[in-house]
Amino acid sequence: MRFLSIPLLCALFASVVTADSSESPEVPGEISEDNDGPEPTVFNGVQVPGLPIIDGETFNETVKDGYWFVKHHSPYCPHCLAIAPTWQTLYEYYTTSKPVPVGKSSDSASTSMNTFTAYYNFHFGNLDCIAFGSTCSAHKVGAFPTFVLYKNKEEVKRFEGEKDMKNLSDFIEETLETIRPGSRPIGGPKLPKPGDKSSTDFNGPEPAPTAGKKEKALSASASEEAAPAKTKSAALKATPIKKQPTKPTKPHSTPNPLGKSTPFTAESFQTQVTMTQDPWFIKFYAPWCGHCQAMAPNWVQLAKEFKGKLNIGEVNCDVETRLCKDVHVRGYPTILFFRGGERVEYDGLRGLGDFVNYANKAIDIGDGVKDVDAAAFKELEEKEEVIFLYFYDHATTSEDFAALERLTLSLIGHAKLVKTDSAVLAERFKITTWPRLLVSRDGRPTYYTALAPQDMRDFRQVLHWMQSVWLPIVPELTASNSREIMDGKLVVLGILTRERPNEFMMAKKEIKSAALEWMDKQTQNFQRERQELRDSKQLRIEEAEDRNDQRALRAAKSIRINMDQSPQKEVGFAWVDGVFWERWVRTTYGIEVSKDGEKVIINDEDSRRYWDNTISGSPIMASRTSILETIGKVVKNPPAIKPKTTISKFEKFFFDLRGAFSGHPFLSVGVIAGMVLGVMMWGRGRMRRNRGGFFRLDEKDGLLGGGMNGKVD
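Residues numbered from 1 in each chain as written. Predicted model: local features only at pLDDT ≥ 70, side-chain atom pairs only at ≥ 80, totals over all residues. Heavy atoms only, no water.

Peer 1: Give a description of the overall build of the chain that names residues and reports values.
Peer 2: Counting its secondary structure elements, the chain contains 26 helices and 21 strands. Looking at the 713 residues of the chain, the share that counts as buried comes to 35%. Put simply, of all contacts in the chain between residues at least 6 apart along the chain, 70% involve residues at least 24 apart. Accessible surface computed for the chain: about 44,200 Å², of which carbon and sulfur atoms make up 54%. (Helix = DSSP H or I, 4+ residues; strand = E, 2+ residues; numbered from the N terminus. Buried < 20%, exposed > 50% of the residue type's maximum accessible area, 1.4 Å probe, protein only. Contact = heavy atoms within 4.5 Å. Areas by Shrake-Rupley, 256 points an atom, 1.4 Å probe, with all protein chains shown as cover.)

Peer 1: Summarise the packing of helix H20 (residues 501-547) against helix H21 (residues 550-557); cite the residues concerned and give the values.
Peer 2: Following both chains from N to C, one finds H20 and H21 inclined at 165 degrees, their axes separated by 8 Å at the closest point. Relative to H21, the element H20 is oriented roughly antiparallel. Classified by chirality, the crossing of H21 by H20 is left-handed. The segment H20 lies against H21, with Lys537, Arg540, Ile541, Ala544, Glu545 and Arg547 engaging Ala552, Leu553, Ala556 and Lys557. (Axes fitted to C-alpha atoms, helices over the stretch in contact; angles between N-to-C directions. Parallel < 35°, antiparallel > 145°, perpendicular 65-115°, else oblique. Left-handed = near helix turned anticlockwise from the far one by under 90°.)

Peer 1: Describe the side chain of lysine 489, with residues and values.
Peer 2: Considering the arrangement of structural elements, one finds lysine 489 in the loop between helix H19 (482-486) and strand E17 (490-496). It is glutamate 570 that comes nearest to the buried, bridge-free lysine 489 among opposite-charge side chains, at 4.2 Å. Not counting residues within four places of it along the chain, the set of residues in contact with lysine 489 comprises Glu484, Lys569, Glu570, Gly572, Asn603, Asp604, Glu605 and Asp606. (Lys, Arg positive; Asp, Glu negative; His and termini not counted. Salt bridge = Lys/Arg side-chain N within 4 Å of Asp/Glu carboxyl O.)

Peer 1: Go over the packing of aromatic side chains, please, and point to the residues and values.
Peer 2: Applying the stated criterion across every chain yields a total of 42 aromatic pairs. Each ring, one from phenylalanine 264 and one from phenylalanine 269, has its centre 5.7 Å from the other, and the planes form 90 degrees; the classification is edge-to-face. Exposure remark for phenylalanine 264: the relative accessible area of 5% places this residue in the buried category. Its end group placed over the ring of phenylalanine 171, lysine 157 keeps NZ or CZ at 5.0 Å from the ring centre. The ring of tyrosine 119 carries the charged tip of arginine 180 above its face, separated from the ring centre by 4.2 Å. (Phe/Tyr/Trp six-rings, centres within 6.5 Å; stacked < 30°, edge-to-face > 60°. Lys NZ or Arg CZ within 6 Å of the ring centre and 35° of its normal.)

Peer 1: So what about the sheet that holds strand E19 (residues 599-604)? Which residues, and what values?
Peer 2: Across the sheet, five strands lie side by side as E18-E17-E19-E20-E21; this open sheet has mixed pairing. Only two strands of the sheet have a single neighbouring strand rather than two, namely strand E18 (571-577) and strand E21 (644-645). The sheet contact formed by E17 and E18 spans seven bridges and is parallel. Bridged to leucine 490 within E18 is valine 571. H20 contacts E17 and E18 of the sheet and is inclined by roughly 170 degrees relative to E18. (Pairing = 2+ DSSP bridges.)

Peer 1: Describe helix H18 (residues 459-469), and please don't skip the residues or the numbers.
Peer 2: When we look at burial in H18, the residues that qualify are Phe459, Val462, Leu463, Trp465, Met466 and Val469. Taken down its axis, H18 places every buried residue within 160 degrees of arc, on the same side. In H18, the exposed positions that point more than 90 degrees away from the buried face belong to Arg460, His464 and Ser468. In this fold, the buried residues of H18 make contact with strand E13 (386-391), strand E14 (416-420), strand E15 (436-441), strand E16 (444-447) and helix H17 (453-456). (Arc of directions from axis to C-beta.)

Peer 1: Describe the state of the cysteines, naming the residues involved and giving the relevant values.
Peer 2: By the definition in use, this model includes two disulfides. Between the sulfur atoms of cysteine 129 and its disulfide partner cysteine 136 the distance amounts to 2.0 Å. The disulfide joining cysteine 129 to cysteine 136 has a torsion of about -85 degrees about its S-S bond and is therefore left-handed. The exposure class of cysteine 129 is buried, given its relative accessible area of 7%. The residue that forms a disulfide with cysteine 317 is cysteine 324, at a sulfur-sulfur distance of 2.1 Å. Disulfide cysteine 317-cysteine 324: the torsion about the S-S bond is -90 degrees, which places it as left-handed. Note on cysteine 324: relative accessible area 5%, which makes it buried. Cysteines bonded in the chain are numbered consecutively along the chain; their disulfide partners then correspond to 1-2, 3-4. (Disulfide = S-S within 2.5 Å.)

Peer 1: Tell me about the environment of cysteine 317, residues and numbers included.
Peer 2: Looking at the secondary structure, you find cysteine 317 in the loop between strand E9 (311-316) and helix H12 (321-326). Expressed as a C-alpha distance, the spacing of cysteine 317 and phenylalanine 284, which sit 33 residues apart in the sequence, is 6.4 Å. Apart from the residues lying within four places of it in its own chain, the contact partners of cysteine 317 are Phe284, Tyr285, Cys324 and Tyr332.

Peer 1: Tell me about the pattern of salt bridges, and name the residues and values.
Peer 2: Close approach of charged atoms lets side chains of opposite charge pair. As enumerated under the stated definition, the model contains 23 salt bridges in all. Aspartate 520 is paired through a salt bridge with arginine 444; the nearest N and O atoms lie 2.9 Å apart. Here the residue aspartate 520 occupies a position in helix H20, and arginine 444 occupies one in strand E16, the gap between them amounting to 76 residues. For arginine 444, a relative accessible area of 31% puts it in the partly exposed group. The closest approach of N and O atoms between arginine 498 and glutamate 476, which form a salt bridge, is 3.4 Å. Residue arginine 498 is located in the loop between E17 and H20, and its partner glutamate 476 is located in the loop between H18 and H19; the two are separated by 22 residues in the primary sequence. Given a relative accessible area of 27%, glutamate 476 falls into the partly exposed group. One salt-bridge network, held together by shared partners, links Glu476, Arg498 and Asp577.

If you want it as structure tokens, here you go:
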């Protein structure tokens, strides 16, 4: 037994050695035959991992994070086999694409976030429905191939349409644009053909050169440098860069290449306007419309002015009636600015200069919300009177930015909207929470008070606030903003002229000084009144606590301090060109600026009245002192200065009557109902007295009257 153990150990040792030697050594770079996963491929010189094959049993676990675009297929389906090269090339193209353009060196492209998958959290995958039929049945897949987009393991939508490279890419681009708005190329990317191994718009790093090229580059660089030793060590560390002509990262077509207004049909309008993100300035007209005919030459000239800058179009509503109805055209001409499915109506004057001014602002805002730093914002303040500034940080989401981008169209022609993450600007405006929105008017900030994320994303609520503050402190009164400026407030209106530049600038400066000082006073009064209300509430609480009156304490604590309802009318400031609007100024206020010089009036549009004199009876001059002295007397109730009316006595009678009805509707209805009832009762009594054709039985000449026994009572 002792000798048998030694041969046994030798046999065991030999078997182990034989087993080890029978395994073939794995060659570096080769895929093991035991690995059932897809082999990696090469696209644009970059190694691409194999297209993921999803295990049906762990499907939900696999697609639970991010977006997954999955092809449900059968290995025996001819359509699946036909689409396979397209699907593979599409996967390789997007996987190797760089969301942010980078340099040509590998180091510059190696940042983990500047990869397609990390930037969008978007993945591709295959699911074999023959091997995992129950999983496909659970997701209601009844035909092959079926392409489904999932988000966090929930189905978002299915691809429908012709299964080719372009349509599949359009489906992906639409999804990527919702994930990161503004990050995709305008007009879509330049796609490779199925089976290609490179793309024309690749912006990642170039592949490292081969050994022969590397040696050639090293020798060339060594001969050019003065210090051979240093050059050699530097060349061994660096990757040579092959010089190539730069290519645009976002290819796009030139707008309005011919300088003409493009006529649209319903079909071309959908394909060129609503289904793209290209900006379009379009008029909807009727050939018989006199205003449209008068505007036509300016529209033709506008198209020439913006050749290569902005698309100009037109729609004949007599021909395309359904399209105009869908766009909600109610009058001619209607002019709209489009960007994709969103639009905003142009409501300004129809002169060429007005069109050009609006179109220039539309081009600027149409590019999206620009990012600025402190220096850029300072330059912007010198050119713009009103600037909306959006503060963001690293935690700001794509939903926040998408909601911000929706606001740009509505701001065309009104104000500038920019965004920033500058610490200098945050310190200047005392920003402590992000995201935050404010408006800067002449350097004075006004903050949007809603701080909750859902309020910051509420498009209508944010836009309503913007509309309340997007006018400059002293705006120019025009046809488009007259109602916005004049209605519902007292307006200090400077009637000026540009013909005397020095006086014009001095008058504007004085009116603005008066406006700023008045705003400061109103802010101080507001804070004082609010503090008085708070003190009054606190006194009630303390008094109730001293008396131990729980009922009074609850009533005192429930008092809400409401500063919205003020008995005093809001005061606004504006100026108007008295020469351009000479007829309106003369007929409304009796002022001719060419003869009387620059004047100031205080207008109350709601009551059709105005003040043009100070308390001493002298005209209100364009000076800070004269304006501020008069405002204080006018805002009193009743005013200390007698107003003048902007309408005739006959018109004023009906205007006052309408005001009485609108101010006291229930009382007015009661008075009218009483008057109608009184008239009806009076008429009914009169009709009874005048009515004939009957007699009374007990009257003298009746059947029972007339002294039957010869007796008379």
